[in-house]
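Breakdown of the fold
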Amino acid sequence: MCGTCGCVGGSGAGGGGTRISVPHAHPHGHDRVHPGGAGAAGETITLEQKVLVKNDGLAAHNRAWLAERGIVAVNMMSSPGAGKTTLLERTVRNFAGRRPVAVVEGDQETALDAERIRRAGGTVVQINTGAGCHLDAGMVRGALATLEPGAGSLVLVENVGNLVCPALFDLGERSRAVIISVTEGTDKPLKYPYMFAAADLVIINKIDLLPYVDFDVEQCEKYARSVNPELRVLTVSATTGEGMADWYDWVARP
Ligand code: MG
């Protein structure tokens, strides 16, 4: 059990239909909070390294499998409530009839988001991580086997809502997008730099709410680029559709 985020190596509750519950180990650098002396911390680090090496191997397998089929996968990460699922619903509707979109939904529990994607017309599989705080490459491998996305598909992976742990795990995706909403703090990129450093794109969502909140878009962009100068930044409202065309262009680029 990890004392920092409560993530444990056990599996979550089972689900029906296309839900997958996955046991996983926990490789974070949390040795400071684990009980025990220097020996225990050393063993923890060794286990963490082994888990990450194993994950990287599976991610490489996923990446090759996707590339062979001309499938583009994007790992979508954010804190809970930033609007990932709403953005995905609109994205699925946008590409309907033009390009197949398959979605991997990651949540600790429930198939609520998968049901939303299905209602929007998307092909979807829900992964429940139980106490786990992120998706890993093995989970995505299993989801791809279930989804069987066709050649040329987009595979959008909605990671577990969390700006910390998902940054550590390569899933085999082509790109990583971080979604931050204007109801969060402008300083999120400074507080969670590893997530922003690992990303290719930042989507600032819910811009329709800007008149009602204290959020500085320009400053947030500056903070994000101070962590990662290569970042592309888009401002959108997944609710109204404003700015979404830029996201569609980005995700569908060759
Ligand atoms: Mg969601």
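Residues numbered from 1 in each chain as written. Predicted model: local features only at pLDDT ≥ 70, side-chain atom pairs only at ≥ 80, totals over all residues. Heavy atoms only, no water.

**Considerations on the packing of aromatic side chains**
Each aromatic ring pair is characterised by the separation of its centres together with the angle its planes make. Tallying each qualifying case throughout the model produces 2 aromatic pairs. Measuring from ring centre to ring centre gives 5.7 Å for F95 and Y248, while their planes differ by 80 degrees; the resulting arrangement is edge-to-face. Taken together, the positions of F95 in helix α2 (residues 84-95) and Y248 in helix α8 (residues 244-251) put the pair 153 residues apart, joining distant regions of the chain. Like F95, the residue Y248 is buried in the burial classification. A ring pair is formed by W247 and W250, whose centres lie 5.9 Å apart and whose planes are at 20 degrees; its orientation type is stacked. Placement of the pair is W247 and W250 together in helix α8, with a separation of 3 residues, close to one helical turn. With respect to class, W247 is no different from W250; both count as buried. Lying across the ring of W65, R69 places its NZ or CZ 3.9 Å from the centre. Sitting above the plane of the W250 ring, R253 keeps its charged end 4.2 Å from the centroid. (Phe/Tyr/Trp six-rings, centres within 6.5 Å; stacked < 30°, edge-to-face > 60°. Helix = DSSP H or I, 4+ residues; strand = E, 2+ residues; numbered from the N terminus. Buried < 20%, exposed > 50% of the residue type's maximum accessible area, 1.4 Å probe, protein only. Lys NZ or Arg CZ within 6 Å of the ring centre and 35° of its normal.)

**Focus on α8**
Those residues of α8 not exposed but buried are M244, W247, Y248, W250 and V251. Projected down its long axis, α8 carries its buried residues within an arc of 165 degrees, all on one side. Buried residues along α8 sit in contact with β2 (72-78), α2, β5 (154-158), β6 (175-181), β7 (201-205) and β8 (232-235). (Arc of directions from axis to C-beta. Contact = heavy atoms within 4.5 Å.)

**Considerations on the environment of G106**
Mapped onto the elements of the fold, G106 is located in strand β3 (residues 101-107). Residues G106 and V140, spaced 34 residues apart in sequence, show a C-alpha to C-alpha distance of 9.6 Å. Contact partners of G106, with chain neighbours within four places excluded, come to Q126, I127, L135, E158, N159 and V160.

**Here's the deal with the coordination of the magnesium ion**
Around the magnesium ion, the protein supplies T85 (OG1), D113 (OD) and E158 (OE) as donor atoms, at distances of 2.0 to 2.1 Å. Among the residues examined, E158 registers a relative accessible area of 3% and is labelled buried. (Donors = N, O, S within 2.8 Å, 3.2 Å for Na, K, Ca; no water.)

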